[in-house]
Structure formats: structure tokens, C-alpha cells
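Survey of secondary and tertiary structure
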Amino acid sequence: MSPRVLMAAEIQEAYCQGQQVIKAIYNFSPFFLLNGYTAMVYRNDVDALNNFWIAVEQLTGFLWAEHYVKNKSIFPARVAKCHSHVKGAIQRDQIWAKHQLLRLSKIISKECHKVLCQARGKRNDLVHDGIVPDIKVINALWKALPELIEIASGIRELGVRRLLGGGANNWAVPERTNFDEWAELATKV
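What counts as what
All residue numbers here refer to positions counted from 1 along the written sequence of the relevant chain. This being a predicted model, a pLDDT of at least 70 is required before a residue's local features are given, and a value of 80 or more before pairs of side-chain atoms are given or counted; all residues contribute to the totals for chains, interfaces and linings. Excluding hydrogens and water, the side-chain values take into account all heavy atoms of the structure. Lines are fitted to the C-alpha atoms to define the axes, a helix being fitted only along its stretch in contact, and any angle between axes, read from their N-to-C directions, falls within 0 to 180 degrees. Helix and strand labels come from DSSP, where a helix needs a run of H or I of at least four residues and a strand needs a run of E of at least two; each type is numbered from the N terminus. In these notes the angle categories are as follows: under 35 degrees is roughly parallel, over 145 is roughly antiparallel, 65 to 115 is roughly perpendicular, and the rest is oblique. The contact criterion used is simple: two residues touch if any of their non-hydrogen atoms lie within 4.5 Å. Classification convention: Asp, Glu, Lys, Arg as charged; Ala, Val, Leu, Ile, Met, Phe, Trp, Tyr, Cys, Pro as nonpolar; all other residues, Gly among them, as polar. We define a salt bridge as a contact between a side-chain nitrogen of Lys or Arg and a carboxyl oxygen of Asp or Glu at a distance within 4 Å. In this scheme, a residue with accessible area under 20% of its type's maximum is buried, one over 50% is exposed, and one in between is partly exposed, where area comes from a 1.4 Å probe on protein chains only.

This brings us to the packing of helix H6 (residues 95-104) against helix H7 (residues 110-129). Look at H6 against H7: their axes get within 10 Å of each other, and the N-to-C directions meet at 170 degrees. Looking at the two axes, H6 sits roughly antiparallel to H7. Contacts between H6 and H7 involve Ile95, Trp96, His99, Gln100 and Arg103 on the former and, on the latter, Lys110, His113, Leu116 and Arg120. Split into classes, the residues belonging to the contact of H6 with H7 amount to three nonpolar, three polar and three charged.

Under the counting rule described, the total for this entry stands at three salt bridges. Notably, a salt bridge pairs Glu66 with Lys70, separated by 2.6 Å at the nearest N-O pair. Overall, Glu66 belongs to the partly exposed group, its relative accessible area being 25%. Note that Arg161 is salt-bridged to Glu150, the shortest N-O span being 2.9 Å. Here Arg161 is found in the loop between helix H8 (135-153) and helix H9 (180-188), whereas its partner Glu150 is found in helix H8, with 11 residues between them in sequence. Judged by its relative accessible area of 43%, Arg161 is partly exposed. Accessibility expressed as a relative area gives 7% for Glu150, which makes it buried.

Another point: unusual backbone geometry. Phi is positive for Arg43, close to 60 degrees, though the residue is something other than glycine. The topology assignment puts Arg43 in the loop between helix H2 (30-41) and helix H3 (45-68). Residue Arg43 is classed as buried on the basis of its relative accessible area, which comes to 11%. Phi is positive for Glu157, close to 50 degrees, though the residue is something other than glycine. Structurally, the position occupied by Glu157 is in the loop between H8 and H9.

Pasting the structure below:
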């Protein structure tokens, strides 16, 4: 009844904006953002989180090099103090330390930092324990990614903000995908 209509001018505008972002962020591959979004829409929560997290890692690397390291001398003393406390973690390229310093230096917002911390924890749960993330975490990460892209690229009001996240359907995805549920089911049969 209400078909979605795409105008050629809107497609051209989105393409141009995407090209500007790609040119502005030298280490950013839109492949992972696109795959993450597609996986999120189709409720493939594992692939969505993994692909989004790769995009986060790329954007964090860019923000770290171009916004933090190049401007480190102008940040308040408390940032330098925190930097000295997490220096070992930074040398080991641990992303939590970089996110903490990006937050303290006000490069990223408090809300974005909170989402990144939560998503990092859920990704670690997935990688180390096979725990499938909740769609709410993925949706929150999707909503935080434009902030990272806008800061890194210097382009404001990205059109990607208008794209909705995954649905609210409960698809009964098991918490673990190691087939423990099968063993439980076998005992009941």
C-alpha cells in the first residue's frame, strides 16, 4: 500500500557521501559495515556483531592516530595521567584502553563509550564462550557507529543514521550455539 520509493538523486547523494567517508578515513573498509548491517537486518546476530566490531576497530585505529596521538599534548592533565596508567595496554594495542582515552579526551561521547564497552564485552563473550549476543547490543552498536564515522571523517549528519536497525522479533536464538540444547532435547525424547 505504501511502497518505498527511492529517487535517483537520493541514491547519488548517498553514494557521494559514502565516497567522501571512504576517502577521509584511510583505513576504513565499508565492506564490514555493509555486511554487519545486512546480518543485523536478517537477524544473524553473530555476523552482525563481528562485522560491526571490525568497523569499530578500524575507526578506533583512525581516531587514535589522527585525533588522539596528534593532539595528545593539548589534552588536560587527567588524560595524561590516565595515559600513563594504561600505557602497557596501549602498547599491547588493547582497544579498551584506547576507548577510555578517547572518551577522557572528549573525542567520543560518554554514550558512545558506554555502547562500545558493552559491545566489546559481548564480542568477547562470543569469541571466548560462544555466547550469541542480544540484538539490543547490536542495535545500540549500529546507532553508535555513525558517531565514530562522523568524528573520523569530519562529515556531519550521515544519511546512514536514517537506516533502522534489526527488528524486534524474538527468533529464539539459543544463548550458546555449541549444540548443548541437542543433548538436553535427546534426554527428553
